[in-house]
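# Structural characterization, general
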Amino acid sequence: MRIWSLDRLISPAVAALALVLCLLTVPAGAQENAAAGDPAAQAVSEQQLLDEFGKIRGRITIPDNKAATLQQPQGRDYQSFQRSTLPWVGAIAIIGMLVAIALFFFVRGRVRTQAGESGQKILRFNTLERLMHWMTATAFIILAITGLNLIFGRRLVLPLIGPEAFSTWSSWAKSAHHFVSWAFMLGVLAMLVVWVWHNLPDRYDANWLKSGGGLFDKSNRTHPPAGRFNTGQKLIFWSVVLGGGALSVSGLYMLFPFAFTDITGMQTAQYVHAIVGVLMVAVIIAHIYIGTLGMEGAYEAMGSGSVDINWAREHHSAWVEKQQAKLDGPAPPHAAAEPAE
Ligand code: HEM
């Protein structure tokens, strides 16, 4: 017969440790009253301790100082954020975006190339740019799926596949999230370096925004002029660079826990990471839609790298003119003397 089972030993040990920690944190006045023979003075409530110290802390002898904090009220806010606020924000952002896209598609339909295909192609993105884009895109999609598993997995995936499969999948998902993050960070940095000059504000932006980029004109006749990237694409670019930057910094804090910050900093990093992450998933869903189903001819730009010249003229007229001027070579000397427009 086993008299000393492990769980029987552990429960009294935990209770004793909690008691020691509480006694150690009892305010000095209460300890004096207790010593003076007033047993009620020992009854310090949890709330009193939290009011006085902001947390319930004891003294420990092991080197990990964090272990001395038994309770921290902001930990409860954090827990409620993880369990309730975050899933709601994530669901509203992602489902909201899907509904908006579906409505847009049914009302507006596909954005067509009004002039039709000419058969003449123009290079839009070179091999290096496409490699950079697809590396970042693949990494982001893996990060999005494995990250969303942390928010919704227990509610949505666990009931479908059962606890064992869910624990195996989640463990792989967590490792993938950690390793793939490096490719994403590299990709975002490369996009910033290679594309930043084409994504600065220019004289076409105000007009592009005013006409909604022609996206809402069902007749496909509105084509506001744009450079290499139109204003909508610039917004995507800056969302990727700034959102990706925030995800990277907060992610590095989490990859190396407590290396750069304390518990409050760790919680802030997780708030930032989770909120920026779900918002970026919503933004990228819109980007994927317009790059595939939403706009005729757009996918080729990142697929083969070349687009039809009519497509390019409709969506990036100022860029096409510049490219053609480059191909035509330097202007003849008399043209250089002509006044600017
Ligand atoms: C299956 C997923 C994706 C598809 C089909 C796709 C498609 C495209 C296409 C066709 C373009 C070129 C548009 C043009 O010619 O002007 C583009 C550009 C771009 N993509 Fe993606 N993309 C995907 C995922 C992503 C992801 C996950 C990111 C970043 C996290 C991303 C970031 C960008 C950026 C910054 C640009 C340049 C700005 C712009 O055109 O909006 N893409 N993408």
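You'll find the protein entered in an unreviewed UniProt entry as Formate dehydrogenase subunit gamma, with Aquamicrobium soli given as the organism. Per UniProt, the comment on the protein under Sequence similarities (unreviewed entry) is "Belongs to the formate dehydrogenase gamma subunit family." Database annotation for the protein, UniProt heading Cofactor (unreviewed entry): "heme".

### Here we look at the overall build of the protein
A tally of helices and strands in the protein yields 13 helices and four strands. In the protein, buried positions account for 35% of the 341 residues. Restricting to contacts in the protein with at least 6 residues of sequence separation, those with at least 24 account for 73%. Accessible surface, the protein as shown: approximately 21,000 Å² in total, 67% of it carbon and sulfur.

### What to know about the pattern of salt bridges
The full count for this structure, using the stated rule, is five salt bridges. One salt bridge connects D202 with K234, and the closest N-O pair in it is separated by 3.1 Å. On the criterion of sequence distance, the pair formed by D202 in the loop between α6 (158-195) and α7 (205-210) and K234 in helix α8 (residues 231-255) is long-range, its members being 32 residues apart. Using a relative accessible area of 30% as the deciding quantity, one classes D202 as partly exposed. Between K234 and D205 there is a salt bridge, with the nearest N and O atoms lying 3.1 Å from each other. A residue pair is termed long-range when its members are at least 10 positions apart, and K234 in helix α8 and D205 in helix α7 qualify at 29 residues. No difference in accessibility class separates K234 from D205, as the two residues are buried. By sharing partners, the salt bridges in this structure join D202, D205 and K234 into a single network.

### Digging into the packing of aromatic side chains
If you walk through the whole model with that rule in mind, you get 13 aromatic pairs. On the basis of an interplanar angle of 65 degrees and a centroid distance of 5.5 Å, the ring pair of F105 and F106 is categorised as edge-to-face. For F105, a relative accessible area of 27% translates into the label partly exposed. With relative accessibility at 70%, the residue F106 sits in the exposed group. Between the aromatic rings of F237 and W238, the centroid separation amounts to 5.0 Å while the plane-to-plane angle is 85 degrees, which identifies the pairing as edge-to-face. What makes F237 buried here is its relative accessible area of 5%. Chaining the aromatic ring pairs together yields one cluster made of Y78, F81 and Y271. The side chain of R124 reaches across the aromatic face of W319, ending 4.9 Å from its centre.

### Focus: the nonpolar core
One finds F140, F184, W195 and A312 to be the most contacted residues of the largest nonpolar core, which totals 34 residues. For this core, the secondary-structure elements that each account for two or more residues are α5 (127-156), α6, α8, α9 (263-291), α10 (299-303), α11 (309-315) and α12 (317-328). With near-sequence residues (within four places) excluded, F184 lies in contact with T136, A139, F140, L143, G244, L247 and M280.

### Section: the site of the ligand
Near the ligand there are 23 residues, and of these R124, H133, Q233, H287 and A301 occur at the shortest range. Between the ligand and R124 there is a distance of 2.8 Å, counted from an oxygen atom to a side-chain nitrogen or oxygen. Taken together, the elements giving at least two residues each to the shell around the ligand come down to α5, α6, α8, α9 and α10.

### With respect to the coordination of the iron atom of the ligand
Taken together, the protein ligands of the iron atom of the ligand are H133 (NE2) and H287 (NE2), with distances of 2.0 Å. Coordination at the iron atom of the ligand is octahedral: its six donor atoms span angles of 86 to 178 degrees at the metal. Highlighted residues: H133 in helix α5 and H287 in helix α9, separated in sequence by 154 residues. Among the residues examined, H133 registers a relative accessible area of 11% and is labelled buried. Look at H287 and you get partly exposed, because its relative accessible area is 29%.

Procedures and definitions
Residues numbered from 1 in each chain as written. Predicted model: local features only at pLDDT ≥ 70, side-chain atom pairs only at ≥ 80, totals over all residues. Heavy atoms only, no water. UniProt positions renumbered as here; feature names shortened; annotations may be inferred. Helix = DSSP H or I, 4+ residues; strand = E, 2+ residues; numbered from the N terminus. Buried < 20%, exposed > 50% of the residue type's maximum accessible area, 1.4 Å probe, protein only. Contact = heavy atoms within 4.5 Å. Areas by Shrake-Rupley, 256 points an atom, 1.4 Å probe, with all protein chains shown as cover. Salt bridge = Lys/Arg side-chain N within 4 Å of Asp/Glu carboxyl O. Phe/Tyr/Trp six-rings, centres within 6.5 Å; stacked < 30°, edge-to-face > 60°. Lys NZ or Arg CZ within 6 Å of the ring centre and 35° of its normal. Core = buried A, V, L, I, M, F, W, Y, C linked by side-chain atoms within 4.5 Å. Near = heavy atom within 4 Å. Polar contact = N/O pair within 3.5 Å; in protein donor to acceptor, adjacent residues only side chain to side chain. Donors = N, O, S within 2.8 Å, 3.2 Å for Na, K, Ca; no water. Tetrahedral: all angles 85-135°; square planar, octahedral: opposite > 155°, others 65-115°.

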